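# A look at the structure
Letter by letter, the chains look like this.
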Amino acid sequence: MKILKKTLKWLGIIILLLVAIGATLYMIYLRPFMQKMKQTTVINYDKELTLVLGGGGNSGILVSDSLVIVIDTKMDEAAEQLAKTVKELAGKKPILVVNTHYHPDHSTGNSFYVGQTIIAGGNYTKEFWIKNAGEKTLPTEWLKDRMDIKMGDDTVTLLNLVKPIHTVSDVVVYLHKRKMLFGGDVILNKQAPAIFGIADSDPDGYLATFDLLPKLFDIQKIVPGHGNIGGIEIIDNFRQYFLDMKTAANDPSKEDELVAKYKDWGQIPFLMSPGATISAFKKKAEKK
Ligand SMILES: [Zn+2]
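Residues numbered from 1 in each chain as written. Predicted model: local features only at pLDDT ≥ 70, side-chain atom pairs only at ≥ 80, totals over all residues.

### Brief notes about the overall build of the protein
For the protein, the count of helices and strands is 8 helices and 12 strands. For 288 residues, the compact-globule estimate of 2.2 N^0.38 gives 19 Å, and the protein sits close to it at 21 Å. For the protein, the spread of C-alpha atoms along the three principal axes comes to 80 × 40 × 35 Å. Looking at the protein as a whole, 40% of its 288 residues qualify as buried. Taking as baseline every contact in the protein between residues at least 6 positions apart, the subset at least 24 positions apart corresponds to 57%. (Helix = DSSP H or I, 4+ residues; strand = E, 2+ residues; numbered from the N terminus. Rg over C-alpha atoms; globule rule 2.2 N^0.38 Å. Buried ≥ 20, exposed ≤ 12 C-beta atoms within 10 Å, placed from the backbone. Contact = placed C-beta atoms within 7 Å.)

### Points about helix α5 (residues 203–216)
One turn of an α-helix holds 3.6 residues; hence residues three or four places apart share an orientation. In this model α5 runs 21 Å from its N-terminal to its C-terminal C-alpha over 14 residues, within 8% of the 20 Å that 1.5 Å per residue would give. Looking only at α5, the buried set comprises Pro-203, Gly-205, Tyr-206, Thr-209, Phe-210 and Leu-213. The inward-facing, buried residues of α5 abut β10 (171–175), β11 (180–184), α6 (233–250) and α8 (274–287). (Expected span 1.5 Å × (residues − 1).)

### Let's talk about the environment of Arg-239
Residue placement: Arg-239 occurs in helix α6. C-beta crowding within 10 Å serves as the criterion here: with 16 such atoms nearby, Arg-239 is assigned to the partly exposed category. With 31 residues separating them in the primary sequence, Arg-239 and Ala-208 have C-alpha atoms 9.4 Å apart. Excluding residues within four positions of it along the chain, Arg-239 makes contact with Leu-207 and Phe-210.

### Notes on the sheet that holds β11
An order of β8-β9-β10-β11-β12 is seen for the 5 strands of this open sheet, with the pairing classed as mixed. The open sheet terminates on both sides in strands that have one partner only, identified here as β8 (146–151) and β12 (221–224). The mean angle between the axes of side-by-side strands here comes to 15 degrees, regardless of whether they run parallel or antiparallel. Summarising the sheet, β11 and β12 pair through 4 bridges and their orientation is parallel. (Pairing = 2+ DSSP bridges. Axes fitted to C-alpha atoms, helices over the stretch in contact; angles between N-to-C directions.)

### Some words on the nonpolar core
By size, the foremost hydrophobic cluster in this structure holds 65 residues, and its most contacted members are Ile-69, Val-70, Val-98, Val-171, Val-172 and Val-173. At 7 residues, the largest contribution of residues to this core is made by α6. Beyond its immediate chain neighbours, meaning those up to four positions away, Val-172 contacts Thr-100, Leu-159, Leu-161, Leu-181, Phe-182, Gly-183, Gly-184, Val-186 and Leu-213. (Core = buried A, V, L, I, M, F, W, Y, C linked by C-beta atoms within 7 Å.)

### Quick notes on the sheet that holds strand β5 (residues 95–98)
Sheets are built from strands that pair by backbone hydrogen bonding, the pairs being arranged parallel or antiparallel. One open sheet holds the 7 strands; their spatial order is β1-β2-β3-β4-β5-β6-β7, and the pairing between them is mixed. Of all strands in the sheet, those with a lone pairing partner are β1 (40–44) and β7 (141–143), marking the two edges. For this sheet, the mean angle separating the axes of adjacent strands, direction not counted, is 20 degrees. Here 4 bridges tie strand β2 (residues 49–54) to strand β3 (residues 59–63), and the two strands are oriented antiparallel to one another.

### A short note on the pairing of strand β9 (residues 154–160)
The pairing of β8 with β9 spans 6 bridges and is classified as antiparallel. By the bridge assignment, Met-151 is partnered in β9 with Asp-154. Two successive antiparallel strands, β8 and β9, enclose a turn made up of 2 residues, where Gly-152 displays a positive phi of approximately 60 degrees. As defined by bridge partners, β9 adjoins β10 across 5 bridges and the pair is classed as antiparallel. Bridged to Leu-158 within β10 is Val-173.

### Quick word on α8
Here α8 is 14 residues long and its end C-alpha atoms lie 20 Å apart, about the 20 Å a rise of 1.5 Å per residue gives. Of the positions making up α8, those classed as buried are Pro-274, Thr-277, Ile-278, Ala-280 and Phe-281. All buried residues of α8 fall inside an arc of 155 degrees around its axis, so they share one side. Among the exposed residues of α8, those pointing more than 90 degrees away from its buried face are Glu-286 and Lys-287. Here the buried face of α8 lies against α5, α6 and α7 (255–260). (Arc of directions from axis to C-beta.)

Purely geometric stuff here, so don't read any function into it on its own.
Structural data, given as structure tokens:
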């Protein structure tokens, strides 16, 4: 009886400690991160192109005489606000929604585009989407490999990257005249990536894609999935991040120094952080 009481007391203390640690981590990292994620910035890039950064993943709205393309539909209030803006710009023109991937910060707003075309990567199945993102946001079309769309004097290429990178079917969008790439979460600006499970995502897949994309397209402007817009240096910085984390995974003596390089990048411990990327590389090496 005495032992049971003692055990229960210690168990209580441990649970309290864990709750306190959890609450502290939430207050220090998650809450400010979530609040920052909710803010949006609108950039009227040119007459036909509007960028809406934040509020979930970054979005683009491209308007032509006959069609409006929306890249990623955000989450929460930002999704509703984006849909309102899109509908004002579109009037009676049809709307084509492109999802760079199925994660809720990029696709929850799909539910505001009932009756329009919604396209996402063709390596997902309908069942996968419903299970992981819900039926309300289900795309109407699946992109097998590539689609080129004439938009005014620009051509828009939608490209399914086919293999696991951030997810099993990431899509990037390239605007040829503007030499602008929307990278989804395959390309982030000064933010650590979320790499969920080695079946779904692949840290080496990112590295291969950073080599592939500049060969396919003349990229001069990048709209990353999260973070500010910029030039090709966004890919170079993100490539260096992955190379550094791979080095740290193979040589633990270099870990502290390499992780410290990215201390001012957006991150959430264990989930989206240099440490999490290092574990993803280690898990992949174990699997081999
Ligand atoms: Zn995202």
